[in-house]
Amino acid sequence: NDNDIRQRDRNLERGREILPFARERVSSRRLPMKLTRVEYVHGGNKAVFYFSADGRVDFRELVKDLAQKLRIRIEMRQIGVRDEAKMVGGIGVCGLRLCCHRHLTKFEPVSIRMAKDQNLVLNPQKVSGQCGRLKCCLAYEQQIYREQRKGMPKLGKLVMTPEGEGKVIELDILRRRVRVAVFGGSTQVY
């Protein structure tokens, strides 16, 4: 109802207001963590602080600082870098909102093999998302590439063409085209 919406808006505003103070306390205590977001529970009697860190962090003194300032219960939740990107959001290299922020509900395992199967340049900057991990879209596009690749020759395979025998030098899987270096000098797309 309207009261719930007003309470949610107040909680969001309170979270935005306290985040700079909490980040300052993290910095002054030299804690190896990055605060991402503060979420007040519906009634406003508890605040959940989401943070990312490489390992375990002793944040007991930080919790005391926050509890003393806010006079409410404090909960700290460690999240992974993909969860952080999901919470923060942003625009991907494709020009669209991040998949994890827009529609992915769970993170599927992603491997470098998927990038190889999709003929992507294996440059970490090209295959990594804003979280620093392999792009999530590699996982849900993998099935399409696997299906499209069926019946296509492998890279480097010798094939017979109307112009004669040649070697496959390039694959365009989504368009189902191959570039063949025909023995005798020319290259053709089939």
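Cut-offs and rules
Residues numbered from 1 in each chain as written. Predicted model: local features only at pLDDT ≥ 70, side-chain atom pairs only at ≥ 80, totals over all residues. Heavy atoms only, no water. Helix = DSSP H or I, 4+ residues; strand = E, 2+ residues; numbered from the N terminus. Rg over C-alpha atoms; globule rule 2.2 N^0.38 Å. Buried < 20%, exposed > 50% of the residue type's maximum accessible area, 1.4 Å probe, protein only. Areas by Shrake-Rupley, 256 points an atom, 1.4 Å probe, with all protein chains shown as cover. Lys, Arg positive; Asp, Glu negative; His and termini not counted. Salt bridge = Lys/Arg side-chain N within 4 Å of Asp/Glu carboxyl O. Polar contact = N/O pair within 3.5 Å; in protein donor to acceptor, adjacent residues only side chain to side chain. Contact = heavy atoms within 4.5 Å. Pairing = 2+ DSSP bridges. Phe/Tyr/Trp six-rings, centres within 6.5 Å; stacked < 30°, edge-to-face > 60°. Lys NZ or Arg CZ within 6 Å of the ring centre and 35° of its normal. Axes fitted to C-alpha atoms, helices over the stretch in contact; angles between N-to-C directions. Left-handed = near helix turned anticlockwise from the far one by under 90°.

Novice: Go over the overall build of the chain with me, naming the residues and quoting the values.
Specialist: Regarding its fold elements, the chain presents 7 helices and 7 strands. When its helices and strands are written in sequence order, the chain yields α-β-β-α-β-α-α-α-α-α-β-β-β-β. Over its C-alpha trace the chain gives a radius of gyration of 25 Å, far above what one expects of a compact globule, namely 16 Å for 190 residues. Along the three orthogonal principal directions, the C-alpha set of the chain runs to about 80 × 40 × 20 Å. Taken across its 190 residues, the chain has 35% of its residues classed as buried. As displayed, the chain has an accessible area near 12,700 Å², and 50% of this comes from carbon and sulfur atoms.

Novice: Any chance you could break down the side chain of Arg-82 for me, citing the residues and the numbers?
Specialist: Inspection of the secondary structure puts Arg-82 in helix α3 (residues 81–88). One buried charge, Arg-82, has no salt-bridge partner; the nearest side chain with opposite charge is Asp-83, at 8.7 Å. One polar contact links the side chain of Arg-82 to the main-chain carbonyl oxygen of Leu-134, over a distance of 2.6 Å. Apart from the residues within four sequence positions on either side, Arg-82 is in contact with Cys-100, Phe-107, Glu-108, Val-110, Cys-131, Arg-133, Leu-134 and Cys-136.

Novice: Please give an account of the pattern of salt bridges that cites residues and values.
Specialist: Side chains that differ in sign of charge can pair as their charged atoms come close. Inspection of the entire model under this criterion finds 15 salt bridges. Lys-46 is paired through a salt bridge with Glu-75; the nearest N and O atoms lie 2.8 Å apart. In this pair, Lys-46 sits in strand β2 (residues 46–52) while Glu-75 sits in strand β3 (residues 73–78), placing the two residues 29 residues apart along the sequence. Between Glu-170 and Arg-179 there is a salt bridge, with its nearest N and O atoms 3.3 Å apart. Classification of Arg-179 by relative accessible area gives partly exposed; the value is 30%. Beyond isolated ion pairs, a larger network of salt bridges with shared partners links Glu-24, Arg-25, Arg-29 and Asp-65.

Novice: Talk me through the pairing of strand β4 (residues 158–161); I want residue IDs and the actual numbers.
Specialist: On β4, burial follows the alternation: Val-159 and Thr-161 on one face are buried, whereas Leu-158 and Met-160 on the facing-out side are not. Across 4 bridges, the pairing between β4 and strand β5 (residues 164–172) is antiparallel. Following the sheet pairing, Val-159 is matched in β5 by Gly-166. Hairpin connection of β4 to β5: 2 residues between the antiparallel strands.

Novice: Can you explain the packing of aromatic side chains? Please cite residues and give values.
Specialist: Overall, the coordinates contain 1 aromatic pair when judged by the stated rule. In this structure, Lys-69 packs its charged tip against the face of Phe-21, placed 5.1 Å from the ring centre. Lys-86 extends its terminal NZ or CZ atom over the ring of Phe-107, reaching a point 5.7 Å from the ring centre.

Novice: Provide a residue-level description of the packing of helix α1 (residues 2–28) against helix α2 (residues 60–70), including the pertinent values.
Specialist: Following both chains from N to C, one finds α1 and α2 inclined at 145°, their axes separated by 10 Å at the closest point. In this structure, the crossing between α1 and α2 has a hand that is right-handed. Across from Ile-18, Phe-21, Ala-22, Arg-25 and Val-26 in α1, the residues of α2 making contact are Leu-62, Asp-65, Leu-66, Lys-69 and Leu-70.

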